[in-house]
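As a plain string of letters, each chain reads:
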Amino acid sequence: MVRTGTPPAGPRSAPPLVWMLPAAVVAACSVGAVVAVQAAARVPVAWCGAAATAAVLLIAGETARRGRTVTVLRRRQAEHDATLQRRLAEQEAATRRLAEALLPEAVLRLQNGDTAAEVLRAAAQTAAKDPDFTPAHQAVLRTVVDAVAAEEELRDSAQRAFVNIARRVQAIVHQQAQDLREMEHRHGEDPAVFGDLLHIDHGTALIGRLADSIAVLSGARPGRQWSRPVPMFSVLRGAMSRILDYQRVDLHAVAEVAVVGPAAEPLIHALAELLDNATRYSPPQTRVHVSATEVQSGIAVEIEDGGLGMGEEARERAERALSRASAGIDLDDLGETPRLGLAVVGRLARAYGFTVALRPSAYAGVRAVMVIPGDVLTTLPPPRPVPRPGTMPPPRPMPTRPAQPRPGDRAPAAAQAVHASGAQEPGPQDQPAGVEHVEHNAYGLPQRRRRTAGAPRPRPGGAAPAAHARGRGPAPAPAPAREPVQPGMWLAAFQAGVNGEAPPAAVPARWQGDDSSDEGQ
Amino acid sequence: MSGGEADDGPERMYVITGGRSEAGGRAAADLDLVTLVVARSVPEPGMAPEHAAIVRMCQYPLSVAEVSAYLELPVSAVRVLLADLLAGGRAEARAPVPAASLPDAELLEAVMHGLQRL
């Protein structure tokens, strides 16, 4: 188009010649006619010729002018067309960028938790160059971002609601489990009641696992937290505790390691889901074999069942369920997913660094292998000391019983002495030998004495001077030096030191004054 | 949920007893609170921790009640575990000496006096 607009520029340089040509022809004809006609007619013919020449000249001039105008217009039109086409191309490119880059990125950022305002601000920096399109594109972006943000928020609140419900159920189940454990101990001697309690306990644990699964699928961690490392054997039996058919599970060759507290509960839950799958999809008369062996990268827990096994397609589907859960799962999928457990396992595996693989088993069933990384493993906690009945000392309760009466009449006195802050002299006085006596608590463990109990100890010597020390300040100088055990003294001294004003003897003197006034009461 | 109070392990009681609340088997039928149990083997790897603990502590005869107290397990659960050990020949139960078979006090006194006169 642009090229087509340029040729008229050439003829335009010679328009006088072109457009005067018809007039020149008419003028020449007129001159010829004037010469040819008789003399009498020459004047009218000359006039006519002149008029015709003028008319043609006029028309030709007008035509030429219009032609120039058309040319100019055409060129302008061509330029306009070019501009429009360029803008069209730009707009197309911008729209494509909006669709292919900006919007997906904005949605991704929203899903990662950025706010709508942040996303819009970031998108505005990379907006289209043409200012005419920018507002429209921003509007599109804003609409989409708002819609996605609203949806994300809805999903978040739904997930929060799920987690909230799951937490409540978990709290109830946890309380119930504790109560049941107490009841099991209380009624442990009646096999019938004990059996019923075990039955209820089992059902409660199943509810707990369901609540844990919902919490995990909603993005929270499973319920309990363990403060201490949990032995692998306990982890596996904890997982068995939470499935229906735990009696069909055989534990073989469990490695002697423990799992650190924070990783224990996710591991127990993931293993429970795998065990549940193994027992659920194998015939009831078959056994499920579990072993935990050390491998280079940690511990491999193998769960083998004697079921029908999975075809290659089913196995792929299951692995896909695992990996899709790793990428995040929708709550919408919760409804009909038959293998909810795999989604939970996948999510936990991603969060805590386990790897899970499903393979055909030698028993023709499925062999699930979970590798637990070494960094969540630790050594076994020391086992509880087993009492050795054959050796002295005799069983636990024995030492406390004879020890009890001796401090029985003295310890309260000492305690009173403590609370009265040394006002009672008799307590310390008849306890010179008992000072070295180590008390035992109900569990036979030595009990730490309160340091304040020693406070009255130096008093038998120093108390009498302290009594009349009220008037004479410097007299009992040695007494404060031997009195380092008043509660809070060190803090007071520290504060005094920090303030930089009080001499160290000032504080004990004040305490002595308090003691004396107590004595006076 | 609140964490931290990990007094109990993650395993529940029914898994420890294998879902049984009552000891089966003939030998287990007369497991009493005061039945003395003595181990007939040493703890072996592969045993459940509770079984191993019983075997370890019963190297010297111990009553069922004591085992229950040391393991902090209900008596019924301990009976189930002991029944397993008895059935496997890893432990032996001895009925307590019946009171009737003890020599009477007079005889003991006579013996004591006789010894003192020596």
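Residues numbered from 1 in each chain as written. Chains lettered and ligands numbered in written order. Predicted model: local features only at pLDDT ≥ 70, side-chain atom pairs only at ≥ 80, totals over all residues. Heavy atoms only, no water.

**Student:** Would you explain the nonpolar core in this entry?
**Tutor:** All names here are of chain A. Ranked by internal contacts, the top residues of the largest apolar core, which has 82 residues, are Met232, Val301, Ile303, Met370 and Ile372. Take this core: its biggest share by element is ten residues, from helix α9 (residues 261-280). Filtering out sequence-adjacent residues up to four positions away, Val301 remains in contact with Met232, Leu236, Leu271, Val290, Ser291, Ala292, Ala368, Val369, Met370 and Ile372. Membership of the second largest hydrophobic core comes to twelve residues, among which are Leu98, Leu103, Leu110 and Leu120. (Core = buried A, V, L, I, M, F, W, Y, C linked by side-chain atoms within 4.5 Å. Buried < 20%, exposed > 50% of the residue type's maximum accessible area, 1.4 Å probe, protein only. Helix = DSSP H or I, 4+ residues; strand = E, 2+ residues; numbered from the N terminus. Contact = heavy atoms within 4.5 Å.)

**Student:** Would you take a moment to explain the interface of chain A and chain B for this structure?
**Tutor:** Quite often, the size of an interface is put as the accessible area lost when its parts meet. Counting residues at the interface gives 43 residues for chain A, matched by 40 residues for chain B. Carbon and sulfur atoms supply 58% of the area that chain A and chain B bury against each other, a total of about 3,800 Å² over both sides. On the surface where chain A and chain B come into contact, there are three salt bridges. A salt bridge links Glu11 of chain B to Arg237 of chain A; the nearest nitrogen and oxygen atoms lie 3.0 Å apart. Taken together, the links from chain A to chain B amount to ten residue pairs in polar contact (both at pLDDT 80 or more). Breaking the side of chain A that touches chain B down by element, the ones donating at least two residues are α6 (134-186), α7 (191-217) and α8 (232-241) of chain A. Residue contributions to the side of chain A that touches chain B peak at ten residues, all from α6 of chain A. Residues of the side of chain A that touches chain B, tallied by class, amount to 17 nonpolar, 15 polar and eleven charged. (Buried area = accessible area lost by both parts, 1.4 Å probe. Salt bridge = Lys/Arg side-chain N within 4 Å of Asp/Glu carboxyl O. Polar contact = N/O pair within 3.5 Å; in protein donor to acceptor, adjacent residues only side chain to side chain. Nonpolar A, V, L, I, M, F, W, Y, C, P; charged D, E, K, R; others polar.)

**Student:** Quick question: what am I supposed to make of the packing of aromatic side chains here?
**Tutor:** Each aromatic ring pair is specified by the distance between its two centres and by the angle formed by the two planes. On inspection of all chains with the given rule, the structure shows two aromatic pairs over all chains. Taken together, a centroid distance of 5.1 Å and an interplanar angle of 55 degrees make the contact between Tyr246 of chain A and Tyr14 of chain B tilted. Separated into two different chains, Tyr246 of chain A in the loop between α8 and β2 (249-254) and Tyr14 of chain B in helix α1 (residues 13-16) make up a pair that spans both. Among the residues examined, Tyr246 of chain A registers a relative accessible area of 7% and is labelled buried. Under the relative-accessibility criterion, Tyr14 of chain B is labelled buried at 0%. Relative to Phe354 of chain A, the ring of Tyr352 of chain A has its centre 6.3 Å away and its plane inclined at 25 degrees; by these criteria the two rings are stacked. Here Phe354 of chain A falls in the buried class, since its relative accessible area comes to 4%. (Phe/Tyr/Trp six-rings, centres within 6.5 Å; stacked < 30°, edge-to-face > 60°.)

**Student:** Looking at this model, I keep getting lost on α7 of chain A. Mind explaining?
**Tutor:** Spacing of three or four residues puts side chains on the same side of an α-helix, whose turn is 3.6 residues. All names here are of chain A. Between the first and last C-alpha of α7 there are 39 Å, a value that for 27 residues agrees with the 39 Å anticipated at 1.5 Å per step. For α7, the N-terminal cap is Asp190; the gap from its side-chain oxygen to the backbone nitrogen of Ala192 is 3.1 Å. In the segment just after α7, Gly219 is the residue with positive phi, at about 95 degrees. (Expected span 1.5 Å × (residues − 1).)

**Student:** Looking at this structure, I do not really get the packing of helix α5 (residues 116-125) of chain A against α6 of chain A. What am I missing?
**Tutor:** When two helices pack together, their arrangement is given by the angle between their axes and by how far apart the axes lie. Residue and element names in this part refer to chain A. Look at α5 against α6: their axes get within 10 Å of each other, and the N-to-C directions meet at 150 degrees. The orientation of α5 with respect to α6, classified from their angle, is roughly antiparallel. With respect to the hand of their crossing, α5 and α6 are arranged in right-handed fashion. Between α5, through Ala116, Val119, Leu120, Ala123 and Ala124, and α6, the contact on the second element is made entirely by Gln138, Leu141, Arg142, Val145, Asp146 and Ala149. Along the lines of polarity and charge, the residues of the contact of α5 with α6 split into eight nonpolar, one polar and two charged. (Axes fitted to C-alpha atoms, helices over the stretch in contact; angles between N-to-C directions. Parallel < 35°, antiparallel > 145°, perpendicular 65-115°, else oblique. Left-handed = near helix turned anticlockwise from the far one by under 90°.)

**Student:** Sorry, what's going on with α8 of chain A here?
**Tutor:** Burial runs high along α8 of chain A: ten of the ten residues are buried. Listed in full, the buried residues belonging to α8 of chain A are Met232, Phe233, Ser234, Val235, Leu236, Arg237, Gly238, Ala239, Met240 and Ser241 of chain A.

**Student:** Quick question: what am I supposed to make of the sheet that holds β2 of chain A here?
**Tutor:** The strands making up a sheet associate through hydrogen bonds between their backbones, and the pairing can be parallel or antiparallel. All names here are of chain A. With respect to topology, five strands assemble into an open sheet ordered β2-β4-β5-β7-β6, the strand pairing being mixed. Of all the strands in the sheet, just β2 and β6 (355-360) have a single pairing partner and so form its edges. Between one strand axis and the next, the sheet turns by 20 degrees as a mean value, whatever way the strands run. Bridge count for strand β5 (residues 298-305) against strand β7 (residues 366-373) is seven bridges, and the pairing is antiparallel. (Pairing = 2+ DSSP bridges.)

**Student:** Help me out: how do you make sense of empty space enclosed by the protein in this one?
**Tutor:** Which parts of space are left empty comes out when a probe the size of a water molecule is rolled across the atoms. Residue and element names in this part refer to chain A. For the structure on display, the rule yields four cavities of 30 Å³ or more. The wall of the largest cavity is formed by 23 residues, among which Val173, His174, Ala177, Arg224 and Arg242 lie closest to the centre. Of all elements in the fold, only α6 and α7 reach the threshold of two or more residues within the lining of the largest cavity. Residues belonging to the lining of the largest cavity are distributed by class as follows: six nonpolar, eight polar and nine charged. (1 Å grid on protein atoms, 1.4 Å probe; cavity = no way out; pocket = protein on both sides within 12 Å on 5 of 7 lines; lining within 4 Å. Points joined across faces, edges and corners; volume = space filled by probe spheres on them.)

Function-wise, these values are silent; they only describe arrangement.
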